[in-house]
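Chain by chain, the residues run as shown.
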Amino acid sequence: MLDLDSKVHDESRQGEAYAPVAASTQTYNKRFYIESYGCAMNFNDSEIVASILGEEGYGPTRNVEEANLILVNTCSIREKAEQTVRNRLTEFKRYKQRTPGMLVGVLGCMAERLKGKLLEEEKLVDIVVGPDAYRSLPSLIAEAEGGQKSVNVLLSREETYGDISPVRLDNNGVTSFVSIMRGCNNMCTFCVVPFTRGRERSRDAHSIVREATDLFNNGYREVTLLGQNVDSYYWISDDGSETVTFANLLEMVAQINPLLRVRFSTSHPKDITDDVLFTMKKYENVCNYIHLPLQSGNTRILQLMNRTYTREWYIKKVDRIREILPDCGISTDVIAGFCTETEEEHQDTLSLMDYVKYDLAYMYFYSERPGTLAARRYRDDVPEEVKKRRLAEIVELHRRHSAENMEKEVGKTFKVLVEGPSKRSADQLFGRNDQNKAIIFPKENYKKGDYVMVKVESCTSGTLIGKAVG
Ligand code: SAM
Ligand code: SF4
Ligand code: F3S
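Residues numbered from 1 in each chain as written. Chains lettered and ligands numbered in written order. Predicted model: local features only at pLDDT ≥ 70, side-chain atom pairs only at ≥ 80, totals over all residues. Heavy atoms only, no water.

Attention now goes to unusual backbone geometry. Here S265 and T266 are connected by a cis peptide whose omega angle stands at 10 degrees. Following the sequence through the fold, T266 ends up in the loop between β13 (261–265) and α10 (274–282). Although it is not a glycine, Q295 sits at a positive phi angle of roughly 75 degrees. Counting through the fold element by element, Q295 comes out in the loop between β14 (289–291) and α11 (299–304). (Helix = DSSP H or I, 4+ residues; strand = E, 2+ residues; numbered from the N terminus.)

What follows concerns helix α2 (residues 40–54). Compared with an ideal rise of 1.5 Å per residue, which puts 15 residues at 21 Å, α2 spans 21 Å between its outermost C-alpha atoms and is within 8% of the ideal. Where burial is concerned, most of α2 is hidden: 14 out of the 15 residues are buried. (Expected span 1.5 Å × (residues − 1). Buried < 20%, exposed > 50% of the residue type's maximum accessible area, 1.4 Å probe, protein only.)

Spatially, β7-β10-β13 is the arrangement adopted by the three strands of the open sheet, whose pairing is parallel. Strand pairing shows two members of the sheet lacking a second neighbour, β7 (175–179) and β13, which therefore form its edges. The average angle at which neighbouring strand axes cross in this sheet is 25 degrees, direction not considered. Contacts from α2 reach β7 and β10 (222–226), with the element oriented near 90 degrees to β7. In this fold helix α8 (residues 205–217) packs onto β7 and β10, with an angle of close to 170 degrees to the strand it touches most, β7. (Pairing = 2+ DSSP bridges. Axes fitted to C-alpha atoms, helices over the stretch in contact; angles between N-to-C directions. Contact = heavy atoms within 4.5 Å.)

For the rest of this paragraph, the subject is helix α13 (residues 343–356). An ideal rise of 1.5 Å per residue puts 20 Å on 14 residues; α13 measures up with 20 Å between its terminal C-alpha atoms. The complete set of buried residues in α13 reads E345, H346, T349, L350, L352, M353 and V356. All buried residues of α13 project into a common sector of 160 degrees when viewed along the axis, lining one side. Against the buried residues of α13 lie α11, α12 (311–324), β15 (329–336) and α15 (384–409). One or two positions beyond α13, positive phi appears at K357, with a value near 55 degrees. (Arc of directions from axis to C-beta.)

In the vicinity of ligand 1, 16 residues are found, and the nearest of them are F190, Q228, Q295, D333 and S367. Contact between ligand 1 and Q228: a nitrogen atom at 2.8 Å from a main-chain N or O atom of the residue. One of the side-chain N or O atoms of Q295 is found 2.7 Å from an oxygen atom in ligand 1. When isolated, ligand 1 has an accessible area of 560 Å², and the protein chains bury 96% of it. (Near = heavy atom within 4 Å. Polar contact = N/O pair within 3.5 Å; in protein donor to acceptor, adjacent residues only side chain to side chain. Areas by Shrake-Rupley, 256 points an atom, 1.4 Å probe, with all protein chains shown as cover.)

Moving on: the packing of α8 against helix α9 (residues 246–254). Running from N to C, α8 and α9 point in directions that differ by 30 degrees, and their axes come no closer than 10 Å. Between α8 and α9, the angle falls in the class roughly parallel. α8 and α9 meet at a crossing whose hand is right-handed. Residues A205, H206, I208, V209 and A212 of α8 touch α9, and the partners they reach there are L249, M252 and V253. Looking at the contact of α8 with α9, its residues break down into seven nonpolar, one polar and no charged. (Parallel < 35°, antiparallel > 145°, perpendicular 65-115°, else oblique. Left-handed = near helix turned anticlockwise from the far one by under 90°. Nonpolar A, V, L, I, M, F, W, Y, C, P; charged D, E, K, R; others polar.)

The next thing to look at is the pattern of salt bridges. Scanning the entire structure with this criterion turns up 36 salt bridges. Here E159 makes a salt bridge to R135, at a shortest N to O gap of 2.7 Å. With a gap of 24 residues between them, E159 in the loop between β6 (150–152) and β7 and R135 in the loop between β5 (127–129) and α6 (137–145) connect regions that are remote in the sequence. Looking at R135, the relative accessible area reads 39%, which means it is partly exposed. Here R263 makes a salt bridge to E222, at a shortest N to O gap of 3.1 Å. Of this pair, R263 sits in strand β13 while E222 sits in strand β10; the two residues are 41 residues apart in sequence, bridging distant segments of the chain. By relative accessible area, R263 is classed as buried at 3%. The exposure class of E222 is buried, given its relative accessible area of 1%. Ionic contacts of the salt-bridge type, sharing partners, join the residues D45, D132, R182, R197 and R201 into one network. (Salt bridge = Lys/Arg side-chain N within 4 Å of Asp/Glu carboxyl O.)

Glancing now at the side chain of R261. When you line up the elements, R261 lands in strand β13. Buried charged residue R261 carries no salt bridge. Nearest counter-charge: E222, at 4.1 Å. Leaving out residues up to four positions away in the same chain, R261 has contacts with R221, E222, V223, N285, C287, K415, V416, L417, R432, N433, D434 and Y451. (Lys, Arg positive; Asp, Glu negative; His and termini not counted.)

Here is the structure:
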């Protein structure tokens, strides 16, 4: 479905990807190596951790062999994501055995879910830190250096790390994530996130604008505002005199500079408002692209999932998006084979996909997660081979839709923000258009960070191929 170039973005990182850090030129007396798994928010958290560790004299390294501290920022969203991390931890245990004094820490959602288990039962790690406890990392490292096993998995109702300036890791210097909120209050029955990330809280709007402004001043040209449900962003100042909704925040960030592109993820179909859509329309630099997870096209299944919208509601939202923003790119998440899903209900998902014709889709088969509402209430009764067959049908249908959508772009000219060289050829540049479509074109004298008008001449299933026209 995706080509290499388009894989480096945002939620395509969910679950399995990892990102070794960029080398630093600063001098540090100790080194940490970090791998991140899961969603963009987790990757952004690793940058917060890098900042906290930098204060303690730890610099990043790409070379695990020279690290004093190995950190794995983990994801629990599906069983496979956890298995990948376990395999990595077993490999890291070998490095640890070879290198006296080396510490291994687990961060993120798996740390939160499994808590002390990773220390006690499996003896894979020295430090376990949940997503709201990163400020305690220095003291946990000190404890672990003293031979103690250290754990802090306390969730917080306030922590947003709003005052911490993330150290950008492994990025292109053009596009960056900015977390605007943490946690989730939605309790979708399949989902582990409310348990691993805690209650929803919104970050100080002014700290978000400051971070985005700093990024712009440092040459960045695109920020993606991150939250599990950005539409429920709502910040109230301490004295209560100021309230900021997501639409307000979008406007504040859009006004930093017309050359700073603004994206956001994830929108919830029950919460996305006309205000947000009209703000997108008003500002040319707010990209016409919405990630609107569907999960299922069938109302009964949506109810079992506690998504709190119906098939009809979702269709109306899509219609409204297209009415206000006719050329808006729309992407989605779909789960195949949720508990009790029948063949007809699966067909409803396919027919809804046919209606929307998504530009991009992240597609999974249902993976029961211990402790979630679905695990407690329903039987995971769709056989694995049926789940996989339904998923294959969903993937194949999406592949057709995305190919059709790409074909429609041939002959059009788009404003492309250049992110760097294409992975296919050093003579080509890679960038994205407003609708988040990947485009490559001959380099000529353009460079990363430039906006270039590119006329599309052909396409593959995941990439538009064009030529600069000015
Ligand atoms: N907050 C977003 C939302 O409301 O859709 C995204 C949450 S989650 C990090 C990303 C995606 O993983 C979900 O949209 C869902 O499709 C998928 N997912 C979550 N739990 C899952 C599970 N137990 N099995 C399979 N896929 C799952
Ligand atoms: Fe999970 Fe639902 Fe929250 Fe998304 S909105 S993080 S799917 S509980
Ligand atoms: Fe995974 Fe946690 Fe994100 S479970 S998808 S890393 S919020």
